[in-house]
Amino acid sequence: MHPQIVQDTPGKCPLCGMELEPMQMDSHTSVVKGHGNHGGMIADFRKRFYVILVLTIPVMLLSEMIQQWLNIQISFPGSRYVLLALSSIVFFYGGWPFLKGLVSEAKAKNPGMMFLIGFAITVAYIYSVAIVLGLEGMDFFWELATLILIMLLGHWIEMRSVAGASKELELLVQLMPSDAHMVMPEMVHDVKTESLKEGDIILVKPGEKVAADGIIQEGESYLNESMLTGESKPVQKVKGDKVIAGAINGNGSIKVTVSHSAKDSYLSQVIKLVDDAQKSKSKTQLLADTAAKWLTIVALVAGMATFLYWYLTGQPLAFAMERMVTVIVICCPHALGLAVPLVVAKSTALSAKNGLLIKNRTAFENARKITTIVFDKTGTLTVGKFEVSKIVTLQKEVTENEIIRLSSALEQKSEHPIATGILQKAKELSIKIPETKNFNAITGKGVEATIEGKKIAVVSPGYLKENSIALPEGFTANDTETIVFVIVNNQLAGYIALSDEIRPESAEAIRILKKNNIKSILLTGDNNKVAKSVSETLGMDSFIAEVLPHQKLEKIKELQSKGEFVAMTGDGVNDAPALAIADVGIAVGSGSDIAAETAGIVLVNSNPTDIVSLILFGKATYRKMIQNLIWATGYNVIALPLAAGVLYKQGILLSPAAGAVLMTVSTIVVAINASMLSVKK
């Protein structure tokens with residue numbers, strides 16, 4: 001078990017509004033464990049239900065109306081007081097959660113479902129006690145007992161549904177192993193996961209979960225990251241590769257150098273992100289909350305109005321009271337209050353399991369409005385692994401190896417895919433990389449430094465054009481190649497051509513976007529030929545090439561000025577301004593770094609089909625919210641008049657118990673509808 005920290009401050013469940021006891025928190029993630037303490041509350045409702053079920057039988061048998069219906073006579077000295085005693089136990093023990101809720105909501109001056117139920121059963125109980133003590137009329141202790149019984153059953157069933165809506169978050173918490181095998185100089189020692197710190201070395205045996213984010217120092221294996229990234233196939237990991245805490249190791253032993261403590265791990269950040277997103281409220285949820293508050297007021301006003309109408313038109317006091325209680329119970333805004341939070345809980349946790357991390361609820365719900373999606377090319381539509389396809393020298397004294405040697409020296413400090421391709425070539429050729437001095441990055445155009453007394457620059461074609469340097473005679477480049485030029489002492493010494501393969505999933509992603517009437521635009525710093533080739537190969541709507549990072553923002557603004565609702569995909573660092581200005585900013589391929597502050601949504605993988613999944617899931621989530629809101633609102637529009645007795649003359653009359661059944665059914669329908677939400681990949 002994970003070590004637990006008790007949070008002293010009790011609160012309300014963000015889903016069902018019930019008062020929670022002090023919550024349990026996981027010590028290494030510091031995140032509330034979903035509905036961890038719902039388990040005890042569910043058990044409490046179950047116990048109360050069974051006790052009240054047993055007591056309801058004698059209450060009904062001793063009730064005068066039930067005896068008339070069954071044509072039986074059960075009467076003995078003091079039977080009315082026995083009925084009062086049994087009903088009092090039902091009221092105080094069975095109704096306690098609702099009475100406590102009534103007091104809590106009254107103190108907060110925020111009447112809701114608990115206030116309405118508590119008010120209804122209190123009115124029913126006080127009136128019935130008054131009858132026993134001498135008031136003219138007929139008690140309805142049996143209605144009180146059945147009403148409380150059904151409300152307890154409804155809450156028991158509903159809370160199980162609510163707890164199920166957040167089980168994905170609970171599963172994410174459980175992914176983190178509690179112990180780790182730390183490699184010491186003399187031995188391997190088992191330690192608690194939360195005690196690990198940067199630089200520690202841990203051993204991960206076959207079949208075990210990785211205890212911390214880190215880099216493989218020794219060994220290789222296949223890791224199952226499906227619960228973290230949504231990637232269904234095990235991923236091969238070798239020395240030097242990053243691993244994520246919570247991933248399940250395959251059949252090889254690996255030693256991992258811990259990159260940061262457990263509380264800063266990818267998994268902990270994801271859990272925190274999901275928890276925060278579930279607590280945050282979008283416009284849709286605020287709308288539902290407002291509607292629920294108004295429905296509470298409508299229920300109270302309609303209840304009072306119903307009572308006055310029937311009483312003043314000559315109906316008995318008991319009948320008028322019964323109509324009022326039924327109206328108040330049937331109009332409880334529970335289904336309306338749960339309509340959006342249940343979908344929110346399900347969607348945020350479910351998306352996290354599939355590598356779609358929602359940082360901003362509004363951005364996620366706005367995914368349904370997207371008309372244009374702007375793709376960065378490298379690493380999103382393409383594999384992102386550049387390989388050197390051609391080396392050309394332009395000076396006799398400069399060899400191909402020298403071109404690679406000089407360029408790799410400048411690129412060794414960069415993590416750009418082009419740099420990675422050049423460094424990989426240097427490794428293949430066993431070239432020793434020299435040291436650099438006076439290193440300088442030329443924004444969006446390349447890098448420069450001093451090597452062995454020579455001024456070296458590795459630059460893009462745009463740099464040559466800007467500095468009026470002529471392209472070499474007979475220069476040609478394949479449409480799919482990216483070219484970088486090497487300049488030695490202000491003289492063009494040669495160039496390197498690199499190729500990046502288009503992802504096999506990209507074409508399918510663009511096809512699905514077209515099917516959903518969403519335009520796709522390629523936005524890249526690469527040259528026109530490469531951009532045009534990739535755009536046409538994938539069947540994209542258009543492309544914008546040779547764009548510097550700071551110019552991307554302007555291009556997004558241009559699209560927005562034309563009335564487009566724009567989503568921007570980028571790496572979350574160079575593309576930060578564009579991600580911030582876009583209507584929906586999507587940081588892709590961020591791996592274990594999910595702190596892309598400017599993006600509303602982070603995709604763990606760089607797979608373009610995940611972007612499509614995100615948009616379709618956003619639409620599906622919004623649909624579920626609207627379906628739930630329509631059901632919850634529509635139910636009340638129909639149920640309220642029936643409860644008030646508009647069809648009384650036609651012989652149709654709902655009892656308080658029947659009202660409770662309908663109210664419970666409406667809530668369960670909302671819960672089941674939310675639980676059917678799924679990510680299609």
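Residues numbered from 1 in each chain as written. Predicted model: local features only at pLDDT ≥ 70, side-chain atom pairs only at ≥ 80, totals over all residues. Heavy atoms only, no water.

A. Molecular detail of the overall build of the protein. When its secondary structure is counted, the protein shows 23 helices and 24 strands. Counting the 681 residues in the protein, one finds 53% classified as buried. For the protein, restricting intrachain contacts to residue pairs at least 6 apart in sequence, the fraction spanning at least 24 positions comes to 66%. When the accessible area of the protein is evaluated, it comes to approximately 30,300 Å², of which 57% is carbon and sulfur surface. (Helix = DSSP H or I, 4+ residues; strand = E, 2+ residues; numbered from the N terminus. Buried < 20%, exposed > 50% of the residue type's maximum accessible area, 1.4 Å probe, protein only. Contact = heavy atoms within 4.5 Å. Areas by Shrake-Rupley, 256 points an atom, 1.4 Å probe, with all protein chains shown as cover.)

B. Layout of the pairing of strand β20 (residues 519-523). By the criterion of burial, β20 is predominantly enclosed, with four of the five residues buried. Two strands pair when backbone bridges link them, and strand β13 (residues 372-376) and β20 are joined in this way by five bridges, in the parallel orientation. From the neighbouring strand, Ile373 faces β20, where its bridge partner is Ser520. As paired strands, β20 and strand β21 (residues 542-544) are joined by three bridges and run parallel to one another. Looking across to β21, one finds that Leu522 is bridged to Phe543. Crossover handedness for the path β20 to helix α19 (residues 528-538) to β21: right-handed. (Pairing = 2+ DSSP bridges. Right-handed = clockwise from strand over helix to strand, strands pointing away.)

C. Quick peek at the sheet that holds strand β10 (residues 248-249). Pairing is antiparallel in the open sheet, where three strands are placed in the order β8-β7-β10. The two strands at the open ends of the sheet, each matched to only one other strand, are β8 (235-237) and β10. Relative to β8, strand β7 (residues 221-224) runs antiparallel, the two sharing three bridges. For Tyr222, the partnering residue across the bridge sits in β8 and is Gln236.

D. Broad picture of the nonpolar core. Ranked by size, the top nonpolar core spans 61 residues in total, and within it Phe98, Ile121, Phe141 and Leu144 carry the most contacts. Top element by residues in this core is helix α5 (residues 113-132). It accounts for 13 residues. Residues in contact with Ile121, not counting those within four places in the same chain, are Phe91, Gly95, Phe98, Leu99, Leu144, Leu147 and Ile148. Core analysis: the second largest hydrophobic core is formed by 50 residues, Leu350, Phe375, Ala545 and Ala671 among them. (Core = buried A, V, L, I, M, F, W, Y, C linked by side-chain atoms within 4.5 Å.)

E. Spotlight on the environment of Val637. Along the chain, the position of Val637 falls in helix α22 (residues 608-644). Along the primary structure Val637 and Cys331 are separated by 306 residues, whereas in three dimensions their C-alpha atoms are 9.1 Å apart.

F. Inspection of the packing of aromatic side chains at higher detail. Applying the stated criterion across every chain yields a total of 12 aromatic pairs. When the ring of Phe319 is compared with that of Tyr648, the centres are 5.0 Å apart and the planes differ by 50°; the resulting orientation is tilted. With Phe319 in helix α11 (residues 317-330) and Tyr648 in the loop between α22 and α23 (656-675), this residue pair connects regions lying 329 residues apart in the sequence. Given a relative accessible area of 12%, Phe319 falls into the buried group. Note on Tyr648: relative accessible area 31%, which makes it partly exposed. An angle of 50° between the planes, with centres 5.7 Å apart, marks the rings of Phe364 and Phe617 as tilted. (Phe/Tyr/Trp six-rings, centres within 6.5 Å; stacked < 30°, edge-to-face > 60°.)

G. Expanded view of the UniProt feature "transmembrane region" (unreviewed entry) in the protein. Cross-referencing UniProt, the feature "transmembrane region" (unreviewed entry) maps to residues 49-69, 81-99, 111-134, 140-157, 291-312, 324-344, 629-648 and 660-679 in the present numbering. Note that residues 49-69 is 95% helix and 0% strand, and that its end C-alpha atoms are spaced 25 Å apart. A distance of 23 Å separates the end C-alpha atoms of residues 81-99, which is 95% helix and 0% strand. (UniProt positions renumbered as here; feature names shortened; annotations may be inferred.)

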